[in-house]
Amino acid sequence: MGSRSCSDTGCSASGRRARRPRRKSAARHSDVTTTFYVDRSSPLHGLNPVTKLVAGLALIVMAFALSRPWWASAVLFVVVLVPAVAIGGVQRRFFAMLAKFLLPLLVMLFIVQSLFYPGGREVIFGLGPITVEREGVLFAAQTASRLLVLVGVFAALLLTTHAGRMMAALVQRGMSPKISYVVSATLQIIPNFQRRADAIVQAQRARGLDTEGSRWRRAKALVPLLSPLVLGAFTEVGERAVAIEARAFTVRGPKTSLVVIPDSRTQQVARWGLVLLAVGAVVSRLWV
């Protein structure tokens, strides 16, 4: 009985261990979407996509145009961008994306510029032949804050703006449907690759291919992943071309849309104000 009980317990524990990967896989599969968009009911989500696009571009221009003081771009990131994503309710994924894409680059930036910045005069730390100059640290901090604004703007735009609404809003503002389609397809390319790669990994795992374990084993599992991933991308491009052609995408003349993006007078005035702020930042850079 003891052996049987032990066996039953073992089978039960084994069954629980076997069910956990399935729950994890199912949860991960449910999180996979075709865009980075996070559906929320927030004032930031409700803005016209063109307004968010103009605001983001104006923020980037001001971050790179304002060179004095060196912390001007950092102020834009902390005072403007971070509260905006907090209002949108996407701050968790926003900072996760920044850490994933920028953290290794920023670490390397500070190390290289602090140690090898040319023309540094004020040494703030020294250990034998290794010296850290104040000018290099400030240059790295300014460059890092500009990169945070640049990548943060596009991350916030992707997280709070559906690609379809962006495309519809651009077409309503007079942009060519071909160009707006290119913008929309670019916004979806990384999530599409992620979704397709996950499906291929699941299929290969179902055939017995070990894709987990050490880094070397996971790296080897990438080799059989590349061929179906690239071929699948080409196949999807062909299918999309047929689909949009079947919907008379290239036919000339006025086009109608089922989705009308609202655009208030206040947002139109705000966009012109943002453009003037960006132009003012560029002019101040030329005169200073």
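These lines cover the structure that appears in this document, whether it is placed above or below. Just so you know, these numbers come straight off a predicted model, no measurement behind them. (Residues numbered from 1 in each chain as written. Predicted model: local features only at pLDDT ≥ 70, side-chain atom pairs only at ≥ 80, totals over all residues. Heavy atoms only, no water.)

1. Re the packing of helix α4 (residues 72–88) against helix α6 (residues 134–160)
Move 1: Interaxial distance between α4 and α6 falls to 9 Å at its minimum, and their mutual angle equals 25°. If you check the angle between α4 and α6, you find them roughly parallel. The crossing of α4 and α6 is left-handed. The segment α4 lies against α6, with S73, A74, F77, L81 and V85 engaging Q142, S145, R146, L148, V149, G152, V153 and A156.
Move 2: A per-class count over the contact of α4 with α6 returns 8 nonpolar, 4 polar and 1 charged. (Axes fitted to C-alpha atoms, helices over the stretch in contact; angles between N-to-C directions. Helix = DSSP H or I, 4+ residues; strand = E, 2+ residues; numbered from the N terminus. Parallel < 35°, antiparallel > 145°, perpendicular 65-115°, else oblique. Left-handed = near helix turned anticlockwise from the far one by under 90°. Contact = heavy atoms within 4.5 Å. Nonpolar A, V, L, I, M, F, W, Y, C, P; charged D, E, K, R; others polar.)

2. Section: the pairing of strand β1 (residues 123–127)
Move 1: Examined bridge by bridge, β1 and strand β2 (residues 130–133) share 4 bridges and lie antiparallel to one another. Looking across to β2, one finds that F125 is bridged to V132.
Move 2: Taking the residues that link successive antiparallel strands as the turn, the β1-β2 hairpin has 2 residues, and the phi of G128 there is positive, at about 65°. (Pairing = 2+ DSSP bridges.)

3. Structural notes on the packing of aromatic side chains
Move 1: What the rule picks out here adds up to 3 aromatic pairs.
Move 2: Judged by centre distance (6.4 Å) and plane angle (25°), the ring pair of F77 and F94 falls under stacked. Taken as a pair, F77 in helix α4 and F94 in helix α5 (residues 91–116) lie far apart in primary sequence, 17 residues in all. Each member of the pair, F77 as well as F94, carries the same accessibility label: buried.
Move 3: Both rings, one in Y117 and one in F139, keep their centres 5.6 Å apart while their planes meet at 40°; by these two values the pair is tilted. Here Y117 is found in the loop between α5 and β1, whereas its partner F139 is found in helix α6, with 22 residues between them in sequence. (Phe/Tyr/Trp six-rings, centres within 6.5 Å; stacked < 30°, edge-to-face > 60°. Buried < 20%, exposed > 50% of the residue type's maximum accessible area, 1.4 Å probe, protein only.)

4. Topic: the nonpolar core
Move 1: L59, F77, L81, F94 and L159 are the most contacted members of the largest nonpolar core, which has 30 residues in total.
Move 2: Those elements that provide at least two residues to this core are α3 (49–65), α4, α5, α6 and α10 (265–287).
Move 3: If you tally residues by element for this core, the top one is α6, at 9 residues.
Move 4: Setting aside chain neighbours within four positions, we find L59 in contact with L76, V80, L81, V149 and V153.
Move 5: A168, A169, L170 and I261 belong to the second-largest nonpolar core, a separate cluster that totals 7 residues. (Core = buried A, V, L, I, M, F, W, Y, C linked by side-chain atoms within 4.5 Å.)

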